[in-house]
Amino acid sequence: MRPPTIRLVVVDDHPLFARGIELLLPPSTDGRAEVVGSTGDAAAAAALVSRCMPDLALVDLHMPPPGGIRAVAAIRRTTPRVRVVAMSGGDDPAPALEALRAGAEGFLPKSSEPEELLPPLLAILAGWAVLPAQLLRGLLGPARGARVDLDGEERHLLRLIAAGRNTFEIAEQLHVSERTVKRMTAALLRKLRVSSRAEAAALAGHAGLLGE
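Residues numbered from 1 in each chain as written. Predicted model: local features only at pLDDT ≥ 70, side-chain atom pairs only at ≥ 80, totals over all residues. Heavy atoms only, no water.

Q: Can you break down the pattern of salt bridges residue by residue, with the values?
A: Using the criterion set out here, one finds 5 salt bridges in the structure. As a salt-bridge pair, Glu105 and Arg76 come within 3.3 Å of each other at their nearest N and O atoms. Of this pair, Glu105 sits in the loop between helix H4 (93-102) and strand E5 (106-109) while Arg76 sits in helix H3 (residues 67-78), and the two are 29 residues apart along the sequence. Its salt-bridge partner being Glu154, residue Lys191 comes within 3.0 Å of it at the nearest N-O pair. On the criterion of sequence distance, the pair formed by Lys191 in helix H9 (residues 178-192) and Glu154 in helix H7 (residues 152-162) is long-range, its members being 37 residues apart. On the basis of relative accessible area, Glu154 is assigned to the buried category, the value being 17%. Salt bridges sharing common partners tie together Asp12, Asp60 and Lys110. (Salt bridge = Lys/Arg side-chain N within 4 Å of Asp/Glu carboxyl O. Helix = DSSP H or I, 4+ residues; strand = E, 2+ residues; numbered from the N terminus. Buried < 20%, exposed > 50% of the residue type's maximum accessible area, 1.4 Å probe, protein only.)

As structure tokens, this is what we get:
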């Protein structure tokens, strides 16, 4: 049986890039991904995603006001089931970190080859956070030598978060209420000094907190 097609919306104010993705993505992914909508207007991104209801939205961070970061936040607020992948042509980690805090599940450089896009997209759909290794080192380099002591319960929770489990699934795994999971997660994020689950998962992998 053929795997289902991944439906994408592209939010980018460079028509050539958006059109290139639209034309090159299907053949480079053997027809497993297609663009179902695109816009160069960050303010219109959330409405377009709501109409098309894709699996993923690719959002360029460097767009005219209101900008890509606000587009990411608006999409996550209006259509939380749609996963958002931030993209940029630069190598500054600051916008990528802002995008993660706004709700993006991953970041990909615009210099990526079309045939390199499918694995990250599949990983994000499976619940993983995706960041290029170089950018991850830039984001988390200062924390590399930091010591974070987690007890067994905290490590278990972190593994579940890193595996992309939602609050309900974690509650079932830990045999606690969803309210308790939210409280535990908030406490863990404070301890790790991060502001989102995606950052926690990235930090955990980088610092070797997940073991094997």
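Q: Help me get a handle on the layout of surface pockets, residues and values and all.
A: Of the volumes computed, that of the largest pocket is approximately 590 Å³. If you trace the largest pocket, you find 24 residues lining it, with Arg76, Arg83, Glu105, Arg197 and Ala198 closest to the centre. Of all the secondary structure elements, the ones that give two or more residues to the lining of the largest pocket are H4, H7, helix H8 (167-174) and helix H10 (197-207). Element by element, the count of residues in the lining of the largest pocket is highest for H10, at 3 residues. Of the residues belonging to the lining of the largest pocket, the class tally is 9 nonpolar, 7 polar and 8 charged. (1 Å grid on protein atoms, 1.4 Å probe; cavity = no way out; pocket = protein on both sides within 12 Å on 5 of 7 lines; lining within 4 Å. Points joined across faces, edges and corners; volume = space filled by probe spheres on them. Nonpolar A, V, L, I, M, F, W, Y, C, P; charged D, E, K, R; others polar.)

Q: Got a sec to walk through the packing of aromatic side chains? Specific residues and values, please.
A: Inspection of every chain in the model, using the stated rule, returns 0 aromatic pairs. Over the ring of Phe17 we find Lys110; its NZ or CZ atom is 4.3 Å from the centre of that ring. (Phe/Tyr/Trp six-rings, centres within 6.5 Å; stacked < 30°, edge-to-face > 60°. Lys NZ or Arg CZ within 6 Å of the ring centre and 35° of its normal.)

Q: I'd like a description of helix H5 (residues 118-125), backed by residues and values.
A: Of all the residues in H5, the buried ones are Leu118, Pro120, Leu121 and Ile124. Down the axis, H5 shows its buried residues gathered within 165° of arc, on one side only. Its buried side turned inward, H5 meets strand E1 (6-11), strand E3 (56-60), strand E4 (83-88) and E5. Looking one or two places after H5, you find Gly127, whose phi comes out positive at around 105°. (Arc of directions from axis to C-beta. Contact = heavy atoms within 4.5 Å.)

Q: Provide a residue-level description of the nonpolar core, including the pertinent values.
A: Counting 28 residues, the largest nonpolar core has Val59, Val72 and Ile75 as its most contacted members. Broken down by secondary-structure element, the contributors of at least two residues to this core are E1, helix H2 (45-52), E3, H3, E4, H4 and H10. A per-element tally of this core places H2 first, with 5 residues. The contacts of Val72, once residues within four sequence positions are left out, are Val59, Leu61, Val84, Ala99, Ala102, Gly103 and Ala104. Counting 18 residues, the second largest nonpolar core, distinct from the first, contains Val10, Val85, Leu108 and Leu118. (Core = buried A, V, L, I, M, F, W, Y, C linked by side-chain atoms within 4.5 Å.)

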